[in-house]
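The primary structure of each chain is shown beneath.
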Amino acid sequence: MNRITSLTDSARQSFQIPFDGDKIDFKLYYYITQKSWFFDFTYNNYTSNGNRVVLTPNALRHLKNIIPFGIAFLADGYVEPFDINDFGSGRVGMYVLNQEEVQEVESNIYGA
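Structural notes, computed from the coordinates. Note that the structure is predicted; figures quoted are calculated from it, not measured.

## Observations concerning the pattern of salt bridges
A full pass over the atoms with the stated rule returns four salt bridges. Between R61 and E106 there is a salt bridge whose closest N-O contact spans 2.6 Å. One end of the pair, R61, is in the loop between β5 (46-52) and β6 (70-75); the other, E106, is in helix α1 (residues 99-108), with 45 residues separating them in the sequence. One salt bridge connects K64 with E106, and the closest N-O pair in it is separated by 3.1 Å. A residue pair is termed long-range when its members are at least 10 positions apart, and K64 in the loop between β5 and β6 and E106 in helix α1 qualify at 42 residues. What makes K64 partly exposed here is its relative accessible area of 32%. Of the residues examined, E106 reaches a relative accessible area of 2% and is grouped as buried. Within this structure, R61, K64 and E106 form a network of salt bridges that share partners.

## Looking at the sheet that holds β5
Taking strand neighbours across the sheet as the criterion, the four strands line up as β2-β3-β4-β5 in an open arrangement whose pairing is antiparallel. A strand with exactly one partner marks an edge of an open sheet, and here the two such strands are β2 (12-19) and β5. Along the sheet, successive strands turn relative to each other by an average axial angle of 15 degrees, direction set aside. Sheet topology note: the strand β4 (residues 36-43)/β5 ladder contains five bridges and is antiparallel. Bridge pairing in β5 places F39 opposite N51.

## What to know about the sheet that holds strand β7 (residues 92-97)
Sheet architecture is open: three strands sit in the order β1-β7-β6, paired in antiparallel fashion. What marks the edges here is a single partner per strand, and that holds for β1 (2-3) and β6. When β6 meets β7, the two strands line up antiparallel, connected through six bridges. Residue pairing for β7: G70 is matched across the bridge by L97. Sheet strands in contact with α1 are β6 and β7, and its direction is about 110 degrees off that of β7.

## Digging into the packing of aromatic side chains
According to the stated counting rule, one finds 14 aromatic pairs in the structure shown. Relative to F38, the ring of Y31 has its centre 5.4 Å away and its plane inclined at 55 degrees; by these criteria the two rings are tilted. Given the relative accessible area of 33%, Y31 is considered partly exposed. Residues F73 and F87 carry aromatic rings whose centres are separated by 6.2 Å and whose planes lie at 70 degrees to one another, so their mutual orientation is edge-to-face. With F73 in strand β6 and F87 in the loop between β6 and β7, the pair connects residues that are 14 residues apart, well separated along the chain. In terms of burial, F73 and F87 fall into one category: buried. Three or more aromatic residues link up through ring pairs in this structure, and these residues are F15, F26, Y30, W37, F39, F73 and F87. The cationic tip of R61 hangs over the ring face of Y110; the distance from NZ or CZ to the ring centre is 3.7 Å.

Analysis parameters
- Residues numbered from 1 in each chain as written.
- Predicted model: local features only at pLDDT ≥ 70, side-chain atom pairs only at ≥ 80, totals over all residues.
- Heavy atoms only, no water.
- Salt bridge = Lys/Arg side-chain N within 4 Å of Asp/Glu carboxyl O.
- Helix = DSSP H or I, 4+ residues; strand = E, 2+ residues; numbered from the N terminus.
- Buried < 20%, exposed > 50% of the residue type's maximum accessible area, 1.4 Å probe, protein only.
- Pairing = 2+ DSSP bridges.
- Axes fitted to C-alpha atoms, helices over the stretch in contact; angles between N-to-C directions.
- Contact = heavy atoms within 4.5 Å.
- Phe/Tyr/Trp six-rings, centres within 6.5 Å; stacked < 30°, edge-to-face > 60°.
- Lys NZ or Arg CZ within 6 Å of the ring centre and 35° of its normal.

See the structure below:
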């Protein structure tokens, strides 16, 4: 699991994540009216928009047979990300999982 360390408290963030010789285009954004973080990403020809950030070992579990990676959002404690400072303060972390780590999550947490 690789933690993305460049996250800030900016309400709109765009960055690229290197992955297996390729890249994932990622957008992370905060809606104050919903007090929630959301994300979009594009990998090769696949784009997914409007995903809510929630604490989970793999936010992209439903795509495990389509893309070769996962995204985990983990926090100190069990409070969902709701504050614009959650990433900038380090309370919530974003991690990229490779295919092997996605399978470990499936086996160890979901028993699949």
